[in-house]
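# Examining the three-dimensional arrangement
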Amino acid sequence: MKVLTRWSNTLMERYLPDPYIFVAILTLVVFLLGLGLTDSGPLDMVTHWGDGFWGLLAFTMQMVIVLVAGHVLASSPVFKKLLSTLAGFAKTPGSAILLVSVVSLIACWINWGFGLVIGALFAKEIARKVTTVDYRLLIASAYSGFIIWHGGLGGSIPLSIATADHPFAGIMGVVPTSETIFSSYNIIIVVALIISVPILNRFMMPKPEDTVIVNPKLLEEPIEIEEDTDRTPASRLENSITLSMLIGALGLVYLIQHFAIKGFDLNLNIVNLIFFTLGIIFHGTPRRFLAAVANAVKTAGGIIIQFPFYAGIMGMMVASGLAGVMSEWFVSISNEHTFPLFTFYAAGLVNFFVPSGGGQWAVQAPIMLDAAQTLGVSYSKTAMAIAWGDAWTNMIQPFWALPALAIAGLRAKDIMGYCLFVLILSGIIISIGLFFF
């Protein structure tokens, strides 16, 4: 295993470009595929790209906020102490890898936005405690938990089809989560991943001479606050604990009301509000909170620049019909037994170009649901096959790794060598779960 991971890391280091270069190349690839496989001409593809370029603008802002708010919360004295206490359970590099993997998997099963940020922050805190652990593998282990998100409580596809009047209700009706998230095959896949992924990550630990460690002092993010000797009314407000507590109370009351009315609806906006509210309260004063925000914003550049390019790719994939062409090819080689499996593979391929669960479902659902009806395959299993495909290839798609990489201060090529083996293992487990159960 160590030999294979060394080879994989060398390969990624040599050939995997910066995520911006990756998305630029992906844009050109999709442009050419659209010309070759659809009726769209060059000007049509340019139009599709431009029309879609700002299609993820709201989502981009949500991701910037989840990154910044997560950073702000993690830098607060209370939360730093909590993370430090939990990180204290890791005594050796091996236990550090296992602990980060398990925490990330469970957190991502609860909610992907929460797990993505918390996993990376927790890994960073453990790296301060266990100074001999390979930092690249530690962050890769934190990101590996993301593999489980679409089979968990925050899965956008199973939650969507469990809602009345969802876009495809006329075809498949309302599908309860007992047939998707809590179905036997899905639970088998989830449990198998929670057990096997940490073990795999532990086995990928490099030899001591190949271990890449990081100086714990480099992981500290001090928030410098200048001494304020000016006691003007404005200064008093900036240093007012009362003001922070009042705003924090406003957020807490809303959150309590939200969960009381809607149950465990932990969507991305609610995750962001939780992070922000606790960050405001835990930092104590507006001045300290704003200093933490200024420090956190520095890490958001990759998301701001790259997400619009993925929206442009999505625009070309959808408007040209290229995503449909890919899906229909997999349908053409399927039968009633292999259809869920090939749907999973089709979704994994499309996810490279449309890395959005909701966007991918909108693209693939009409084709796959029609095929499922023809072949006599359950709609619920078809939906979950698309969901798992969407989650699967995230392991080697830099799009979703950007927040974790920004928090960790690493490049995509630093962790993708490890994530490649998580992709292989999870692909086998998910395939077995969809085919045999």
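I will try to describe carefully the structure that is included in this document. (Residues numbered from 1 in each chain as written. Predicted model: local features only at pLDDT ≥ 70, side-chain atom pairs only at ≥ 80, totals over all residues. Heavy atoms only, no water.)

## Remarks on the overall build of the protein
Heads up, the condition is: To qualify as a helix, a DSSP run of H or I must reach at least 4 residues; to qualify as a strand, a run of E must reach at least 2; elements of each kind are numbered from the N terminus. In this setup the radius of gyration rests on C-alpha atoms only. A globule is expected at 2.2 Å times the number of residues raised to 0.38. Per-residue accessibility, obtained with a 1.4 Å probe over protein chains only, is compared with the maximum for each type, and a residue is labelled buried under 20%, exposed over 50%, and partly exposed between these values. What makes two residues a contact is simply this: any of their non-hydrogen atoms within 4.5 Å. Computed with the Shrake-Rupley method and a 1.4 Å probe, the accessible areas treat only the protein chains shown as cover for residues. His is not counted here, nor are the chain ends, while Lys and Arg score as positive and Asp and Glu score as negative. For charged residues, the charge sits on one atom: NZ in Lys, CZ in Arg, CG in Asp, CD in Glu.
Looking only at helices and strands, the protein has 22 helices and zero strands in total. The globule rule puts the C-alpha radius of gyration for 437 residues at 22 Å, and the 22 Å found for the protein is close to it. In terms of principal-axis extent, the alpha carbons of the protein reach across some 75 × 50 × 45 Å. Burial analysis of the protein (437 residues in total) assigns 55% to the buried set. Partitioning the contacts of the protein with sequence separation of at least 6, the portion at a separation of at least 24 is 80%. A total of about 18700 Å² of accessible surface is found on the protein, and carbon and sulfur atoms cover 68% of it. Between the mean site of the 22 positive side-chain charges and the mean site of the 25 negative ones, the protein shows a separation of 14 Å.

## What to know about the side chain of Ser-141
Counting through the fold element by element, Ser-141 comes out in helix α8 (residues 135–144). The class of Ser-141 is buried, set by a relative accessible area of 0%. Ser-141 has contacts with Ile-97, Val-100, Ser-101, Ser-104 and Asn-201, leaving out every residue within four places of it along the chain.

## Quick look at helix α22 (residues 412–436)
The cut-off we apply is this: To estimate the expected span of a helix, subtract one from its residue number and multiply by 1.5 Å. The term bend refers to the angle at a residue between two fitted axes, each drawn through seven residues, those ending there and those starting there.
Across its 25 residues, α22 extends 34 Å between first and last C-alpha, which sits within 8% of the 36 Å expected from 1.5 Å per residue. Along α22, the sharpest change in direction is near 35° and occurs at Tyr-418.

## Side note on the packing of helix α18 (residues 339–353) against α22
Put simply, the rule reads: The angle between two axes is taken between their N-to-C directions and runs from 0 to 180 degrees, where each axis is a line fitted to C-alpha atoms and a helix contributes only its stretch in contact. A crossing counts as left-handed when the near helix is turned anticlockwise from the far one by less than a right angle, and as right-handed when that turn is clockwise. Throughout, the ten residues Ala, Val, Leu, Ile, Met, Phe, Trp, Tyr, Cys and Pro are labelled nonpolar, Asp, Glu, Lys and Arg are labelled charged, and all others, Gly among them, are labelled polar.
It is at 8 Å that the axes of α18 and α22 come closest, and there the two elements cross at 145°. Judged by the sense of rotation from one axis to the other, the crossing of α18 with α22 is right-handed. Contacts between α18 and α22 involve Pro-340, Leu-341, Phe-344 and Tyr-345 on the former and, on the latter, Gly-427, Ile-430, Ser-431, Leu-434 and Phe-435. Classifying every residue of the contact of α18 with α22 gives seven nonpolar, two polar and no charged.

## Notes on a nonpolar patch on the surface
Note the threshold: A patch is a set of surface residues, each over 30% in relative accessible area and not in a salt bridge, joined within 9 Å for like charges and within 5 Å for the nonpolar side chains Val, Leu, Ile, Met, Phe, Trp and Tyr. One side-chain nitrogen of Lys or Arg within 4 Å of one carboxyl oxygen of Asp or Glu is enough to make a salt bridge.
A surface patch of nonpolar side chains, about 740 Å² in accessible area, is lined by Met-1, Leu-4, Phe-182, Ile-187, Val-191, Ile-195, Ile-199 and Phe-203. At five residues, helix α11 (residues 184–203) tops the list of elements feeding residues into the nonpolar patch.

## Regarding the packing of aromatic side chains
In plain terms, the rule: Note on aromatic contacts: the rings of Phe and Tyr and the six-membered ring of Trp form a pair at centre separations within 6.5 Å, being stacked when their planes are under 30 degrees apart, edge-to-face when over 60 apart, and tilted otherwise. Whether a charge lies above a ring is judged from NZ of Lys or CZ of Arg, which has to be within 6 Å of the ring centre and within 35 degrees of the ring normal.
For the structure shown, the criterion picks out 22 aromatic pairs. A ring pair is formed by Trp-49 and Phe-309, whose centres lie 6.5 Å apart and whose planes are at 50°; its orientation type is tilted. You can see Trp-49 sitting in helix α3 (residues 42–52) and its partner Phe-309 sitting in helix α16 (residues 301–320), a full 260 residues away along the chain. Residue classification places Trp-49 among the partly exposed positions, given a relative accessible area of 30%. Residue class for Phe-309 comes out buried when judged on its relative accessible area of 19%. Ring geometry for Phe-146 against Trp-149: centres 6.1 Å apart, planes inclined by 10°, an arrangement best described as stacked. Classification of Trp-149 by relative accessible area gives buried; the value is 5%. The rings of Phe-59, Trp-112, Tyr-143, Phe-146, Trp-149, Phe-307 and Trp-400 are connected pair by pair, giving a single aromatic cluster. Over the face of the ring belonging to Tyr-185 we find Lys-381, whose NZ or CZ atom lies 5.1 Å from the ring centre.

## As for helix α6 (residues 93–110)
For α6, which comprises 18 residues, the first-to-last C-alpha distance of 26 Å matches the rise-based estimate of 26 Å (1.5 Å per residue) to within 8%. If you check which residues of α6 are buried, you get Gly-94, Ala-96, Ile-97, Val-100, Ser-101, Ser-104, Leu-105, Ala-107 and Cys-108. Those residues of α6 that are buried are in contact with α7 (112–129), α8 and α11.

## Brief notes about the state of the cysteines
Stated formally: Working definition: a disulfide is two cysteine sulfur atoms within 2.5 Å of each other.
Within this structure, the stated rule accounts for zero disulfides. No disulfide involves Cys-108; its nearest neighbouring cysteine sulfur is the one of Cys-419, lying 12 Å away. What makes Cys-108 buried here is its relative accessible area of 1%.

## Focus on the pattern of salt bridges
Tallied over the full model, the rule gives six salt bridges. In this structure, Arg-411 and Glu-13 form a salt bridge, with 3.3 Å as the shortest nitrogen-oxygen distance. Here Glu-13 lies in helix α1 (residues 2–15) and Arg-411 lies in the loop between α21 (398–408) and α22, a separation of 398 residues in the sequence. The exposure class assigned to Arg-411 is partly exposed, which follows from its relative accessible area of 42%.

## A look at the environment of Ile-110
Relative to the helices and strands, Ile-110 resides in helix α6. Spatially, the C-alpha atom of Ile-110 lies 6.1 Å from that of Gly-152, the residues being 42 residues apart in sequence.

## Looking at the environment of Phe-259
With respect to the helices, strands and loops of the structure, Phe-259 is situated in helix α13 (residues 241–262). Contacts of Phe-259, omitting those with residues within four sequence positions, involve Phe-264, Asp-265, Leu-266, Ile-270 and Ile-274.

## Overview of the packing of α18 against helix α19 (residues 357–375)
In helix packing, the relevant descriptors are the interaxial angle and the interaxial distance, both defined with respect to the helix axes. Operational definition: In what follows, roughly perpendicular refers to angles from 65 to 115 degrees, roughly parallel to angles under 35, roughly antiparallel to angles over 145, and oblique to any angle outside these ranges.
At a closest axis distance of 11 Å, the pairing of α18 and α19 adopts a crossing angle of 165°. Our classification of the angle between α18 and α19 gives roughly antiparallel. Relative to α19, α18 is oriented so that their crossing is right-handed. Contacts between α18 and α19 involve Phe-339, Thr-343, Ala-346, Ala-347, Gly-348, Val-350 and Asn-351 on the former and, on the latter, Gln-360, Gln-364, Met-368, Ala-371, Ala-372 and Leu-375.

## Concerning the side chain of Ser-144
Structurally, Ser-144 is set in helix α8. By relative accessible area, Ser-144 is classed as buried at 0%. Those residues within four positions of Ser-144 in sequence are excluded, and the remaining contacts are Leu-105, Val-197, Asn-201, Met-395 and Val-422.

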